[in-house]
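# Descriptive analysis of the structure
This is what each chain is made of:
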Amino acid sequence: MAPLAPRSGDAVFANVERVNAELFTLTYGAIVRQLLTDLEEVEEVNKQLDQMGYNIGIRLIDEFLAKSNVSRCVDFKETCDVIAKVGFKMFLGVTATVSNWDAEGTSCSIILEDNPLVDFVELPDTCQGLNYCNILSGVIRGALEMVSMKTEITWVRDMLHGDDAYELRLKLLKQVPEEYPYKDDE
Amino acid sequence: MDTNDSLRLASLWHSMHAISQQLSPVVGCNGVELLQADNFDLHCFQSLTGTKFFVVCEPGMLHMEALLKVIYELYTDYVLKNPFYEMEMPIRCELFDLNLTQVIQKDRVSLLGR
């Protein structure tokens, strides 16, 4: 029998090697700052962060699968639950909640109340368009793409912009079947 | 075995694995997991992302699924986290080789010690 999917990432989180949270937060801050200097345009920085997240996500997913013992999810709902409860806990040490499902079950919100990336951050007026945590949405997009789900992820609420929580909107665009690209009659 | 040999072996196995999926009378078959021959066993593990790992061993060796899982973890730690490894390319990571050898030797010791 396949092992039961864990309901939380606590066990894995306790077993993986961790770094000092402050070092992590400050390193991420330094990266964003450097991107702002290099690229100048806030929009470009958003794009770059998303791309960096994507590149992380396509590799991170394997570590997640190898160490969390989750088995194949039956639907997108379960996938989102696993991301929020196990994924966020395992890699960021926080848990998120999933809510606001649409009727078709293809889009939902992941809400983060605690976000270690922003511990010391205040956005200046010149950077109001910046999605400071855009790397996270990229990570999720990349990770899901590796398990054949094309998604679109947008930030709905952001505490740095004065909202009361972080809200990521996940939309499942299509599920790519894992078939081999050949047909019998070709 | 040099890189070309590994590539040849891997792509051969990849195709056989794909064919087995198509031939299977069972819906939702995930391909061959164990191939038993007269003088060797081949255990294969496919991750949910589609990466396949296989080990060729003496017939009847036990705990190969566990070994493959350990190898998957090593792959995520020492290959995927290496910033200079490019995805989908042959693995040339010394740390991976080193840790892989260690794991297999440990396995062998525990088997012989019984």
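For clarity, every value in this text was computed on a predicted model and none was experimentally measured. Along each chain, residue indices are assigned from 1 in the same order as the chain's sequence is written. Chains carry letters and ligands carry numbers; both start at the beginning, A for chains and 1 for ligands, and go up in the order they are written. Where totals are concerned, whole chains, interfaces and linings use all residues; where local detail is concerned, this predicted model gives features only for residues with pLDDT of at least 70, and gives and counts side-chain atom pairs only at 80 or more. Excluded from the side-chain calculation are hydrogens and water; included are all heavy atoms of the structure.

## A word on the environment of Glu 73 of chain B
- Runs of H or I in DSSP of at least four residues are treated as helices and runs of E of at least two as strands, each being numbered from the N terminus. By secondary structure assignment, the location of Glu 73 of chain B is in helix H2 (residues 64–79).
- Any pair of residues with heavy atoms lying within 4.5 Å of one another is described as a contacting pair. Setting aside residues up to four positions removed in sequence, Glu 73 of chain B forms contacts with Ala 66 and Lys 67 of chain A.

## Considerations on the interface of chain A and chain B
- Listed by partner, the interface residues are 17 residues for chain A and 26 residues for chain B.
- Of the roughly 1700 Å² buried between chain A and chain B on both sides combined, carbon and sulfur atoms contribute 52%.
- Between Lys or Arg on one side and Asp or Glu on the other, a salt bridge is scored when a side-chain nitrogen of the former is within 4 Å of a carboxyl oxygen of the latter. In this structure, the connection of chain A to chain B is made through two salt bridges.
- Here a polar contact is recorded for every N or O atom pair within 3.5 Å, except that within protein the pair must consist of a potential hydrogen donor and a potential acceptor, and residues adjacent in sequence are included only if both atoms are side-chain atoms. For the pair chain A and chain B, the interface holds nine residue pairs in polar contact (both at pLDDT 80 or more).
- By residue number, the principal contributor to the side of chain A that touches chain B is helix H3 (residues 42–68) of chain A, which donates eight residues.
- For this classification, the nonpolar set comprises Ala, Val, Leu, Ile, Met, Phe, Trp, Tyr, Cys and Pro, the charged set comprises Asp, Glu, Lys and Arg, and every other residue, Gly included, is treated as polar. The residue makeup of the side of chain A that touches chain B, split by class, is eight nonpolar, two polar and seven charged. Put simply, buried area is the surface a 1.4 Å probe can reach on two separate parts but cannot reach once they are joined, added for both.

## Some words on a nonpolar patch on the surface
- Exposure above 30% relative accessible area and the lack of any salt bridge qualify a residue for a patch; like charges then connect within 9 Å, and the nonpolar side chains Val, Leu, Ile, Met, Phe, Trp and Tyr within 5 Å. Computed with a 1.4 Å probe, the accessible areas rest on the Shrake-Rupley method; for each residue, only the protein chains presented here act as cover. On the surface, a nonpolar cluster with roughly 280 Å² of combined accessible area is contributed by Val 19, Leu 23 and Phe 24 of chain A.
- Along the polypeptide, Val 19 of chain A turns up in the loop between helix H1 (10–15) and helix H2 (21–39).

## Looking at the packing of aromatic side chains
- Stacked, edge-to-face and tilted are the three classes for Phe, Tyr and Trp ring pairs, Trp counted by its six-membered ring, which pair at centre distances within 6.5 Å; planes under 30 degrees apart are stacked, over 60 edge-to-face, the rest tilted. On inspection of all chains with the given rule, the structure shows nine aromatic pairs over all chains.
- Judged by centre distance (5.2 Å) and plane angle (75°), the rings of Phe 53 of chain B and Tyr 75 of chain B are edge-to-face. Note that Phe 53 of chain B is positioned in strand S3 (residues 52–57) and Tyr 75 of chain B in helix H2, a separation of 22 residues in sequence. Take Phe 53 of chain B and Tyr 75 of chain B: they sit in the same class, and that class is buried.
- Through a chain of ring-to-ring contacts, three or more aromatic side chains come together here, namely Phe 45, Phe 53, Tyr 72 and Tyr 75 of chain B.
- For a ring to carry a charge above it, either NZ of a lysine or CZ of an arginine must fall within 6 Å of the ring centroid while also lying within 35 degrees of the normal to the ring plane. Directly above the aromatic system of Phe 13 of chain A lies the positively charged group of Arg 18 of chain A, at a separation of 4.9 Å from the ring centroid.
- The ring of Trp 101 of chain A carries the charged tip of Lys 77 of chain A above its face, separated from the ring centre by 5.2 Å. Categorising residues by exposure relies on relative accessible area from a 1.4 Å probe, with only protein chains included: less than 20% of the type maximum marks a residue as buried, more than 50% marks it as exposed, and the intermediate range marks it as partly exposed.

## Digging into a negative patch on the surface
All names here are of chain A.
- A cluster of acidic residues, Glu 22, Glu 113, Asp 114 and Asp 119, forms a negative patch on the protein surface.
- Take Glu 22: it is sitting in helix H2.
- Using a relative accessible area of 46% as the deciding quantity, one classes Glu 22 as partly exposed. Within this scheme the basic residues Lys and Arg register as positive and the acidic residues Asp and Glu register as negative, but His and the chain ends are omitted. Lys charges are placed at NZ, Arg charges at CZ, Asp charges at CG and Glu charges at CD.

## Quick notes on the pattern of salt bridges
- According to the stated counting rule, one finds 13 salt bridges over all chains in the structure shown.
- For Asp 10 of chain A, the salt bridge is made with Lys 89 of chain A, and the minimal N-O distance between the two is 3.6 Å. Here the residue Asp 10 of chain A occupies a position in helix H1, and Lys 89 of chain A occupies one in helix H4 (residues 76–92), the gap between them amounting to 79 residues.
- By relative accessible area, which is 16% here, Lys 89 of chain A ends up buried.
- Put simply, Asp 164 of chain A and Arg 157 of chain A hold a salt bridge, and the shortest N to O gap is 2.6 Å.
- Arg 157 of chain A sits in the partly exposed class, given a relative accessible area of 22%.
- In the salt-bridge network here, residues are joined through shared partners; they are Glu 63 and Lys 67 of chain A together with Asp 77 and Lys 81 of chain B.

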